[in-house]
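# Fold and contact review
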Amino acid sequence: MRAFEAAARHVSFAAAAEELNVTAGAISQHIRTLEDWAGTPLFRRNAQGVALTSAGRALVADFTVAFDRLADATRALRNLKPNADFHIAALPSVAQLWLPRRLSRIRAQFPEISFSVTAMETPPSLSRELFDLSIFFATPDGSPGQRVICPDEIVPVCAPDLLARAGKPLEFSRLPLLHDQTWQEDWHLWSQAAGVPLGDDQKGARFSLYSLAVEEAKAGAGLLMGHLCLLEDALASGALVKAHGRSCRTGRALVVQAPAQHPQTARDGPRHRASERLIQAGRERTNDRT
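Residues numbered from 1 in each chain as written. Predicted model: local features only at pLDDT ≥ 70, side-chain atom pairs only at ≥ 80, totals over all residues. Heavy atoms only, no water.

### A few points about the packing of aromatic side chains
Worth spelling out the cut-off: Between the rings of Phe, Tyr and Trp (Trp by its six-membered ring), a pair exists once the centres lie within 6.5 Å; its type follows the angle of the planes, with under 30 degrees stacked, over 60 edge-to-face, and the other angles tilted. The way it works is that DSSP assigns letters per residue, a run of H or I at least four long becomes a helix, a run of E at least two long becomes a strand, and they are numbered from the N terminus.
Tallied over the entire structure, the rule returns eight aromatic pairs. Taken together, a centroid distance of 6.2 Å and an interplanar angle of 90 degrees make the contact between Trp187 and Trp190 edge-to-face. Of the two residues, Trp187 and Trp190 both sit in helix H7 (residues 186-194), three residues apart, roughly one turn of that helix. An aromatic cluster is defined as three or more aromatic residues linked by ring pairs; in this entry it consists of Phe4, Phe13, Phe43 and Phe63.

### A word on the nonpolar core
To be explicit about the condition: Definition used in this section: a nonpolar core is a set of buried Ala, Val, Leu, Ile, Met, Phe, Trp, Tyr and Cys residues joined via side-chain atoms within 4.5 Å. Buried, partly exposed and exposed residues are distinguished by accessible area as a fraction of the type maximum, computed with a 1.4 Å probe on protein chains only: under 20%, between the cut-offs, and over 50%, respectively. Contact between two residues is taken to exist if any of their heavy atoms lie within 4.5 Å; hydrogens are not considered.
The biggest cluster of nonpolar side chains holds 62 residues, and the ones touching the most others in it are Val94, Ile135, Phe172, Trp190 and Leu254. Setting aside residues no more than four positions away along its own chain, Phe172 makes contact with Pro156, Leu177, Trp187, Trp190, Val196, Pro197, Leu198, Lys203, Leu223, Ala243 and His244.

### As for unusual backbone geometry
One non-glycine residue, Val11, adopts positive backbone phi at about 50 degrees. Tracing the chain through its elements places Val11 in the loop between helix H1 (2-10) and helix H2 (13-20). Accessibility expressed as a relative area gives 41% for Val11, which makes it partly exposed. Although it is not a glycine, Asn21 sits at a positive phi angle of roughly 60 degrees. Turning to its location among the elements, Asn21 is positioned in the loop between H2 and helix H3 (24-38).

### Some points on empty space enclosed by the protein
By rolling a water-sized probe across the atoms, one finds the places where empty space is left. Note the following rule: The definitions used throughout rest on a 1 Å grid laid over the protein atoms alone, on which a cavity is an enclosed set of points accommodating a 1.4 Å probe that cannot get out and a pocket is an open set flanked by protein within 12 Å on both sides along at least five of seven lines; lining residues are those having an atom within 4 Å of a point. Grid points are joined across faces, edges and corners, and a volume is the space filled by probe spheres set on the points. Three classes are used: nonpolar for Ala, Val, Leu, Ile, Met, Phe, Trp, Tyr, Cys and Pro, charged for Asp, Glu, Lys and Arg, and polar for all others, with Gly counted as polar.
Under the defined criterion, the tally for this structure stands at three cavities of 30 Å³ or more. Of the pockets and cavities examined, the largest cavity occupies roughly 70 Å³. If you go around the largest cavity, the residues you meet are Leu91, Pro92, Ser93, Gln96, Glu121, Asp180, Thr182, Trp183, Ser208, Leu209, Tyr210 and Ser211. Element by element, the count of residues in the lining of the largest cavity is highest for helix H5 (residues 92-109), at three residues. Residue composition of the lining of the largest cavity, by class: five nonpolar, five polar and two charged. Forming the walls of the second largest cavity are Leu178, His179, Asp180, Trp183, Asp186, Trp187, Tyr210, Leu224 and Met225. The set of elements that each furnish at least two residues to the lining of the second largest cavity consists of strand E7 (177-180), H7 and strand E9 (223-227).

### With respect to the layout of surface pockets
For the second largest pocket, the calculated volume is near 260 Å³. Forming the walls of the second largest pocket are Arg9, His10, Ala15, Glu18, Glu19, Asn21, Met120, Thr122, Pro123, Pro124, Ser125 and Glu129. In terms of residue count, the dominant contributor to the lining of the second largest pocket is H2 (three residues). Across the lining of the second largest pocket, the residue classes break down as four nonpolar, four polar and four charged.

### Describing the pairing of strand E2 (residues 49-52)
Side chains on a regular strand alternate between the two faces of the sheet. Heads up, the rule is: Strands pair, by our definition, only if DSSP identifies at least two bridges between them.
Pairing geometry for strand E1 (residues 43-46) and E2, over four bridges, is antiparallel. Bridging from a neighbouring strand, Arg45 pairs with Val50 of E2. As consecutive antiparallel partners, E1 and E2 are separated by two residues.

### Focus: the side chain of Glu232
So the rule is basically this: Whenever two N or O atoms come within 3.5 Å, that pair is a polar contact, provided that in protein one can donate a hydrogen and the other can accept it, and provided that, for residues adjacent in sequence, both atoms are side-chain atoms.
Along the chain, Glu232 turns up in helix H9 (residues 232-237). A polar side-chain atom of Glu232 sits 2.8 Å from a polar atom in the side chain of Arg102.

### A closer look at H1
Owing to its 3.6 residues per turn, the α-helix aligns residues three or four sequence positions apart on the same side. Every buried residue of H1 is listed here: Ala3, Phe4, Glu5, Ala6, Ala7 and Ala8. Those residues of H1 that are buried are in contact with H2, H3, E1, E2 and helix H4 (54-78).

### As for the packing of H1 against H4
The description of two helices packed together rests on the angle between their axes and the distance between the axes. Which entries qualify depends on this criterion: Axis definition: a line fitted to C-alpha atoms, limited for helices to the stretch in contact. Angles are taken between N-to-C directions and run from 0 to 180 degrees. Put simply, angles under 35 degrees are roughly parallel, angles over 145 are roughly antiparallel, angles from 65 to 115 are roughly perpendicular, and the rest are oblique. Handedness of a crossing is defined here by the sense of rotation of the near helix relative to the far one, left-handed for an anticlockwise turn of less than a right angle and right-handed for a clockwise turn.
Between H1 and H4, the shortest axis-to-axis distance is 9 Å and the interhelical angle comes to 110 degrees. Of the possible angle classes, the one that applies to H1 and H4 is roughly perpendicular. Crossing angle aside, the handedness with which H1 passes H4 is left-handed. Along its contact with H1, which presents Arg2, Phe4, Glu5 and Ala8, the element H4 presents Gly56, Leu59, Val60, Phe63, Thr64 and Phe67. In terms of residue class, the contact of H1 with H4 is built from six nonpolar, two polar and two charged.

### Re the environment of Pro156
One can find Pro156 in strand E6 (residues 146-158). Given the relative accessible area of 0%, Pro156 is considered buried. Separated by 35 residues in sequence, Pro156 and Ser191 place their C-alpha atoms 9.9 Å apart. Ignoring sequence-local partners within four residues, the contact set of Pro156 consists of Phe172, Trp187, Trp190, Leu224, Met225, Gly226, Val241, Lys242, Ala243 and His244.

Purely geometric stuff here, so don't read any function into it on its own.
This is the structure:
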């Protein structure tokens, strides 16, 4: 039933599979079993994907409300625990480069709370999954519970030795470029905004984790497009330096998202206070920089 509700909400077996951490084939099989039990098709399958049948559409609202209420009840049950726990979902680069120092300070202020972090590539559904906060880059939309930490500002960075060896004026087209697979258009976006020719802006090594690309940049392997809010420590320590004076904004921002407020979650409770303190800690150095 959960497979049907997720697939119906997304109108996609693949998206439902990603949300539930299973394969699209597993989603298809669960729905086929449900259709056999109900004696009627709930989806139409075609080359372009899937579409709900009239019977499927008639069920979506009730299934969604039922699973929302189940999630609310589960959250309320968790909130009865005498020792609070706090679950954070974050983009891997955020979890590795932005969160640790800030979370260390929050742990010291809230020793009664057990903090856990899950790194994931896409934001979870906070109405369904038991996360107290998610921290991702996104386009701010003013939705309830959304708090903007800082704009996503980018500029090329590299190791100081590489910059010294390259000489001036710096010829970007002759230097190796490093790429993060999540932000493949970074170099093109910056090149257009700064008016700096790169030659082939897709050349160079690629990394599945931004933190790996950062370490390679520190080692002098090439120029990396730096997301400034993730590189505050590296730039402050001198491990990385800006390779150009012109930065640009991507249109995204580092965004903290909290679940919808439920009656069982006291605004003066430890989880709420920890959330507010983490947001404040996230903005402190950013405000100093800007």
